[in-house]
Amino acid sequence: MRFDIVTIFPEFFGVLDVSLLGRARRDGVLELGVHDLREWTHDRHRTVDDTPYGGGAGMVMKPEPWGEAFDALLGPEDGPPSDALVIFTTPAGVPFTQSLARELATESRIVFACGRYEGIDARVAEHVATRARVLEVSLGDYVLNGGEVAAMAMIEAIGRLVPGVVGNPESLVEESHEDGLLEHPSYTKPRVWRGLEVPEVLRGGNHAAVDAWRRAEALERTRRVRPDLLPGGDSPL
Ligand code: 6SD
(Lines give C-alpha, C1' and ligand atoms only; values in the text may rest on other atoms or scores of the structure.)
Protein backbone atom coordinates (compact mmCIF):
# COMPACT_ATOMS: atom_id res chain seq x y z
CA MET A 1 0.00 0.00 0.00
CA ARG A 2 1.18 3.52 -0.78
CA PHE A 3 0.51 6.78 1.08
CA ASP A 4 1.26 10.19 -0.42
CA ILE A 5 1.08 13.33 1.70
CA VAL A 6 0.96 16.92 0.49
CA THR A 7 1.87 19.43 3.20
CA ILE A 8 3.78 22.65 3.84
CA PHE A 9 5.48 20.86 6.78
CA PRO A 10 7.08 17.70 5.33
CA GLU A 11 9.40 17.47 8.36
CA PHE A 12 6.38 16.53 10.53
CA PHE A 13 6.35 13.10 8.90
CA GLY A 14 9.89 12.14 9.96
CA VAL A 15 8.30 10.12 12.78
CA LEU A 16 7.05 7.65 10.18
CA ASP A 17 10.69 6.52 9.72
CA VAL A 18 10.66 4.81 13.13
CA SER A 19 8.83 1.97 14.87
CA LEU A 20 6.49 -0.47 13.17
CA LEU A 21 5.66 1.66 10.13
CA GLY A 22 9.34 2.50 9.60
CA ARG A 23 10.17 -1.20 9.45
CA ALA A 24 7.21 -1.88 7.12
CA ARG A 25 8.58 0.78 4.77
CA ARG A 26 12.06 -0.73 4.81
CA ASP A 27 10.47 -4.16 4.16
CA GLY A 28 8.59 -2.70 1.17
CA VAL A 29 5.13 -3.46 2.65
CA LEU A 30 4.30 0.25 2.88
CA GLU A 31 5.45 3.05 0.59
CA LEU A 32 5.36 6.68 1.68
CA GLY A 33 5.79 9.83 -0.41
CA VAL A 34 5.95 13.16 1.45
CA HIS A 35 5.59 16.19 -0.80
CA ASP A 36 6.19 19.86 0.00
CA LEU A 37 3.30 21.88 -1.45
CA ARG A 38 5.72 24.80 -2.00
CA GLU A 39 7.44 22.76 -4.73
CA TRP A 40 4.40 23.65 -6.84
CA THR A 41 4.66 27.43 -6.32
CA HIS A 42 6.47 29.70 -8.77
CA ASP A 43 6.90 33.04 -7.01
CA ARG A 44 9.95 34.19 -5.08
CA HIS A 45 8.18 33.77 -1.71
CA ARG A 46 6.71 30.36 -2.55
CA THR A 47 3.27 31.68 -1.54
CA VAL A 48 0.58 29.13 -0.64
CA ASP A 49 -2.04 31.41 0.99
CA ASP A 50 -4.15 34.47 0.25
CA THR A 51 -6.90 36.57 1.88
CA PRO A 52 -10.42 35.07 2.04
CA TYR A 53 -13.19 36.17 -0.30
CA GLY A 54 -16.01 37.56 1.83
CA GLY A 55 -13.55 38.83 4.46
CA GLY A 56 -12.80 37.47 7.89
CA ALA A 57 -9.73 36.64 9.92
CA GLY A 58 -6.92 34.44 8.68
CA MET A 59 -5.73 33.25 5.31
CA VAL A 60 -6.93 30.54 2.92
CA MET A 61 -4.72 28.15 0.96
CA LYS A 62 -4.78 29.21 -2.68
CA PRO A 63 -5.87 26.61 -5.23
CA GLU A 64 -3.10 26.82 -7.87
CA PRO A 65 -0.29 24.97 -6.02
CA TRP A 66 -2.79 22.27 -4.99
CA GLY A 67 -3.94 21.91 -8.62
CA GLU A 68 -0.37 21.33 -9.76
CA ALA A 69 0.31 18.94 -6.87
CA PHE A 70 -2.67 16.79 -7.85
CA ASP A 71 -1.68 16.91 -11.56
CA ALA A 72 1.70 15.50 -10.50
CA LEU A 73 0.27 12.86 -8.13
CA LEU A 74 -2.92 11.79 -9.95
CA GLY A 75 -1.87 12.34 -13.56
CA PRO A 76 -2.80 15.16 -15.95
CA GLU A 77 -6.17 16.91 -15.66
CA ASP A 78 -7.37 15.49 -19.01
CA GLY A 79 -6.04 11.96 -18.37
CA PRO A 80 -7.88 8.86 -17.09
CA PRO A 81 -9.29 8.94 -13.53
CA SER A 82 -6.85 7.91 -10.80
CA ASP A 83 -7.55 4.86 -8.62
CA ALA A 84 -6.09 6.66 -5.59
CA LEU A 85 -8.38 7.73 -2.76
CA VAL A 86 -7.81 11.36 -1.76
CA ILE A 87 -8.40 12.31 1.89
CA PHE A 88 -8.74 15.90 3.04
CA THR A 89 -8.33 16.00 6.82
CA THR A 90 -10.79 18.52 8.30
CA PRO A 91 -12.81 18.87 11.52
CA ALA A 92 -15.84 19.14 9.19
CA GLY A 93 -15.34 15.61 7.79
CA VAL A 94 -16.81 12.18 8.55
CA PRO A 95 -15.42 10.78 11.83
CA PHE A 96 -12.35 8.55 11.64
CA THR A 97 -13.15 5.25 13.39
CA GLN A 98 -11.63 1.78 13.61
CA SER A 99 -14.19 0.52 11.08
CA LEU A 100 -13.26 3.30 8.61
CA ALA A 101 -9.57 2.46 9.18
CA ARG A 102 -10.36 -1.20 8.32
CA GLU A 103 -12.04 -0.16 5.05
CA LEU A 104 -9.21 2.21 4.14
CA ALA A 105 -6.60 -0.51 4.75
CA THR A 106 -7.95 -2.28 1.62
CA GLU A 107 -7.04 0.67 -0.65
CA SER A 108 -3.91 0.43 -2.81
CA ARG A 109 -3.11 4.16 -2.59
CA ILE A 110 -4.26 7.05 -0.40
CA VAL A 111 -3.24 10.67 -0.95
CA PHE A 112 -3.56 12.96 2.09
CA ALA A 113 -4.03 16.70 1.55
CA CYS A 114 -3.06 18.58 4.72
CA GLY A 115 -4.56 22.03 5.11
CA ARG A 116 -3.17 24.91 7.19
CA TYR A 117 -4.41 28.42 8.01
CA GLU A 118 -8.23 28.60 7.62
CA GLY A 119 -8.22 25.66 5.20
CA ILE A 120 -7.93 25.00 1.47
CA ASP A 121 -9.97 26.88 -1.18
CA ALA A 122 -13.11 24.70 -1.45
CA ARG A 123 -12.78 24.35 -5.22
CA VAL A 124 -9.74 22.10 -4.79
CA ALA A 125 -11.72 19.18 -3.29
CA GLU A 126 -14.50 19.78 -5.84
CA HIS A 127 -11.98 19.62 -8.70
CA VAL A 128 -10.14 16.57 -7.37
CA ALA A 129 -13.49 14.75 -7.05
CA THR A 130 -13.76 14.83 -10.86
CA ARG A 131 -10.51 12.85 -11.12
CA ALA A 132 -10.44 10.54 -8.07
CA ARG A 133 -12.54 9.44 -5.11
CA VAL A 134 -12.46 12.09 -2.37
CA LEU A 135 -13.21 11.75 1.34
CA GLU A 136 -13.20 14.53 3.93
CA VAL A 137 -12.28 12.91 7.24
CA SER A 138 -12.05 14.27 10.81
CA LEU A 139 -9.75 12.78 13.42
CA GLY A 140 -12.17 13.86 16.14
CA ASP A 141 -14.29 16.68 17.49
CA TYR A 142 -11.54 19.15 18.35
CA VAL A 143 -9.61 21.71 16.35
CA LEU A 144 -5.97 21.22 15.34
CA ASN A 145 -3.74 23.85 13.72
CA GLY A 146 -3.55 21.88 10.49
CA GLY A 147 -4.13 18.51 8.90
CA GLU A 148 -0.69 16.96 9.52
CA VAL A 149 -1.27 15.41 12.96
CA ALA A 150 -4.65 14.06 11.81
CA ALA A 151 -3.07 12.53 8.68
CA MET A 152 -0.29 10.97 10.75
CA ALA A 153 -2.74 9.38 13.18
CA MET A 154 -4.79 8.01 10.29
CA ILE A 155 -1.69 6.63 8.52
CA GLU A 156 -0.66 4.81 11.70
CA ALA A 157 -4.15 3.41 12.33
CA ILE A 158 -4.60 2.32 8.69
CA GLY A 159 -1.01 1.19 8.10
CA ARG A 160 -0.95 -1.25 11.02
CA LEU A 161 -3.98 -3.05 9.52
CA VAL A 162 -2.19 -3.70 6.21
CA PRO A 163 -1.18 -7.39 6.09
CA GLY A 164 2.52 -7.84 6.95
CA VAL A 165 2.90 -4.62 8.98
CA VAL A 166 2.09 -6.08 12.41
CA GLY A 167 4.13 -9.26 12.96
CA ASN A 168 1.45 -11.19 14.87
CA PRO A 169 -1.95 -10.45 13.26
CA GLU A 170 -3.73 -12.01 16.27
CA SER A 171 -2.64 -9.04 18.37
CA LEU A 172 -4.77 -6.82 16.09
CA VAL A 173 -8.10 -8.37 17.07
CA GLU A 174 -7.46 -8.05 20.81
CA GLU A 175 -7.29 -4.24 20.75
CA SER A 176 -9.75 -1.68 22.06
CA HIS A 177 -12.48 -0.96 19.46
CA GLU A 178 -11.86 -4.08 17.38
CA ASP A 179 -14.82 -5.86 19.02
CA GLY A 180 -16.71 -2.65 19.83
CA LEU A 181 -15.52 -2.65 23.47
CA LEU A 182 -12.63 -1.03 25.31
CA GLU A 183 -9.74 -3.37 26.07
CA HIS A 184 -9.39 -5.24 29.39
CA PRO A 185 -6.37 -4.33 31.59
CA SER A 186 -3.07 -6.20 31.03
CA TYR A 187 -0.36 -7.26 33.49
CA THR A 188 3.14 -8.71 33.42
CA LYS A 189 5.69 -9.81 36.04
CA PRO A 190 6.38 -9.32 38.91
CA ARG A 191 3.30 -10.85 40.57
CA VAL A 192 3.40 -8.19 43.28
CA TRP A 193 4.68 -4.69 42.48
CA ARG A 194 4.69 -1.92 45.10
CA GLY A 195 2.06 -3.83 47.05
CA LEU A 196 -0.25 -4.27 44.05
CA GLU A 197 -1.03 -7.87 43.07
CA VAL A 198 -1.90 -9.23 39.63
CA PRO A 199 -5.48 -10.66 39.72
CA GLU A 200 -5.43 -14.31 40.85
CA VAL A 201 -7.51 -15.59 37.90
CA LEU A 202 -4.79 -14.55 35.41
CA ARG A 203 -2.22 -16.70 37.23
CA GLY A 204 -4.26 -19.90 37.49
CA GLY A 205 -3.92 -21.21 33.92
CA ASN A 206 -7.69 -21.64 33.47
CA HIS A 207 -8.12 -20.19 29.97
CA ALA A 208 -11.94 -20.16 30.04
CA ALA A 209 -11.87 -18.30 33.36
CA VAL A 210 -9.29 -15.83 31.97
CA ASP A 211 -11.48 -15.18 28.90
CA ALA A 212 -14.58 -14.66 31.05
CA TRP A 213 -12.71 -12.28 33.40
CA ARG A 214 -11.31 -10.24 30.50
CA ARG A 215 -14.72 -9.97 28.85
CA ALA A 216 -16.34 -8.82 32.13
CA GLU A 217 -13.56 -6.23 32.68
CA ALA A 218 -13.93 -4.96 29.11
CA LEU A 219 -17.70 -4.62 29.53
CA GLU A 220 -17.42 -2.91 32.92
CA ARG A 221 -14.85 -0.44 31.64
CA THR A 222 -16.88 0.31 28.50
CA ARG A 223 -20.03 0.89 30.59
CA ARG A 224 -18.12 3.24 32.91
CA VAL A 225 -16.01 5.21 30.40
CA ARG A 226 -17.79 4.88 27.03
CA PRO A 227 -21.46 3.93 27.55
CA ASP A 228 -22.11 5.48 24.12
CA LEU A 229 -20.40 2.41 22.57
CA LEU A 230 -22.98 0.02 24.05
CA PRO A 231 -26.46 -0.61 22.62
CA GLY A 232 -28.77 2.10 23.96
CA GLY A 233 -25.80 3.63 25.77
CA ASP A 234 -25.69 7.28 26.74
CA SER A 235 -22.71 9.63 26.54
CA PRO A 236 -20.43 9.72 29.63
CA LEU A 237 -20.35 13.56 29.52
C1 6SD B 1 -6.54 24.16 8.34
C2 6SD B 1 -6.84 21.96 9.18
C3 6SD B 1 -7.00 20.62 8.84
C4 6SD B 1 -7.17 22.41 10.45
C5 6SD B 1 -8.44 19.28 12.01
C6 6SD B 1 -8.90 18.01 11.83
C7 6SD B 1 -9.46 17.62 13.02
N8 6SD B 1 -10.09 16.49 13.36
N9 6SD B 1 -9.36 18.62 13.85
N10 6SD B 1 -8.75 19.64 13.24
C11 6SD B 1 -7.85 20.19 11.04
C12 6SD B 1 -7.50 19.75 9.79
C13 6SD B 1 -7.68 21.53 11.37
O14 6SD B 1 -6.36 22.78 8.20
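In what follows, the structure referred to is the one given above.
Description of the structure in this document. What you are looking at is a predicted structure, and each value in this text was computed from that prediction instead of being measured.

Cut-offs and rules
Residues numbered from 1 in each chain as written. Predicted model: local features only at pLDDT ≥ 70, side-chain atom pairs only at ≥ 80, totals over all residues. Heavy atoms only, no water. Helix = DSSP H or I, 4+ residues; strand = E, 2+ residues; numbered from the N terminus. Rg over C-alpha atoms; globule rule 2.2 N^0.38 Å. Buried < 20%, exposed > 50% of the residue type's maximum accessible area, 1.4 Å probe, protein only. Contact = heavy atoms within 4.5 Å. Areas by Shrake-Rupley, 256 points an atom, 1.4 Å probe, with all protein chains shown as cover. Lys, Arg positive; Asp, Glu negative; His and termini not counted. Charge placed at Lys NZ, Arg CZ, Asp CG, Glu CD. Near = heavy atom within 4 Å. Polar contact = N/O pair within 3.5 Å; in protein donor to acceptor, adjacent residues only side chain to side chain. Nonpolar A, V, L, I, M, F, W, Y, C, P; charged D, E, K, R; others polar. Phe/Tyr/Trp six-rings, centres within 6.5 Å; stacked < 30°, edge-to-face > 60°. Core = buried A, V, L, I, M, F, W, Y, C linked by side-chain atoms within 4.5 Å. Salt bridge = Lys/Arg side-chain N within 4 Å of Asp/Glu carboxyl O.

Remarks on the overall build of the protein chain
Here's step 1: A tally of helices and strands in the protein chain yields seven helices and nine strands.
Here's step 2: The globule rule puts the C-alpha radius of gyration for 237 residues at 18 Å, and the 22 Å found for the protein chain is more than 25% above it.
Here's step 3: In terms of principal-axis extent, the alpha carbons of the protein chain reach across some 70 × 40 × 35 Å.
Here's step 4: Residue burial in the protein chain is summarised as follows: out of 237 residues, 37% are buried.
Here's step 5: Of all intrachain contacts in the protein chain linking residues separated by at least 6 positions in sequence, the fraction that spans at least 24 positions is 73%.
Here's step 6: Carbon and sulfur atoms make up 52% of the accessible area of the protein chain, which totals about 14,000 Å².
Here's step 7: Across the protein chain, the 25 positively charged side chains and the 38 negatively charged ones have centroids separated by 7 Å.

Some remarks on the site of the ligand
Here's step 1: Around the ligand, the surrounding shell holds 15 residues, and the nearest of these are Tyr-117, Ser-138, Leu-139, Tyr-142 and Leu-144.
Here's step 2: One of the side-chain N or O atoms of Ser-138 is found 3.2 Å from a nitrogen atom in the ligand.
Here's step 3: At a separation of 2.7 Å, a nitrogen atom of the ligand approaches a polar backbone atom of Tyr-142.
Here's step 4: Contact with the protein chains covers 94% of the free accessible surface of the ligand, which is 360 Å².
Here's step 5: No other element matches strand β5 (residues 85–95), which puts three residues into the shell around the ligand.
Here's step 6: Its residues assigned to classes, the shell around the ligand comprises six nonpolar, eight polar and one charged.

Focus on the packing of aromatic side chains
Here's step 1: Across all of its chains, the model carries four aromatic pairs by this definition.
Here's step 2: Clustering of aromatic rings is evident, with ring pairs tying together Trp-66, Phe-70 and Phe-88.

A short note on the nonpolar core
Here's step 1: Within the largest apolar cluster, 32 residues are counted, with the highest numbers of intra-cluster contacts made by Phe-3, Phe-96, Ile-110, Phe-112 and Ile-158.
Here's step 2: At the level of secondary structure, the elements contributing two or more residues to this core comprise β1 (2–7), α1 (19–26), β5, α3 (98–104), β6 (109–113) and α5 (148–159).
Here's step 3: When residues of this core are assigned to their parent elements, the largest contribution, seven residues, is made by α5.
Here's step 4: In this structure Phe-96 touches Ala-101, Leu-104, Val-137, Ser-138, Leu-139, Met-154, Ala-157 and Ile-158, once residues within four positions along its chain are discounted.
Here's step 5: Leu-73, Phe-88, Ala-113 and Ile-120 belong to the second largest nonpolar core, which has 21 residues in total.

Some details on the pattern of salt bridges
Pairs can form between side chains of opposite charge whenever their charged atoms are close.
Here's step 1: On inspection of all chains with the given rule, the structure shows 16 salt bridges.
Here's step 2: Taking the shortest distance from any N to any O, the salt bridge between Arg-2 and Asp-4 comes out at 2.9 Å.
Here's step 3: Exposure remark for Arg-2: the relative accessible area of 25% places this residue in the partly exposed category.
Here's step 4: In this structure, the salt-bridge partner of Lys-62 is Glu-64, at a minimum N-O distance of 3.7 Å.
Here's step 5: Salt bridges linked by common partners bring Arg-2, Asp-4, Glu-31 and Arg-109 together as one network.

Overview of the environment of Ala-153
Here's step 1: As for its position among the elements, Ala-153 is in helix α5.
Here's step 2: Along the backbone, Ala-153 and Phe-96 are 57 residues apart, and their C-alpha atoms lie at a distance of 9.8 Å.

Purely geometric numbers; function is a separate question.
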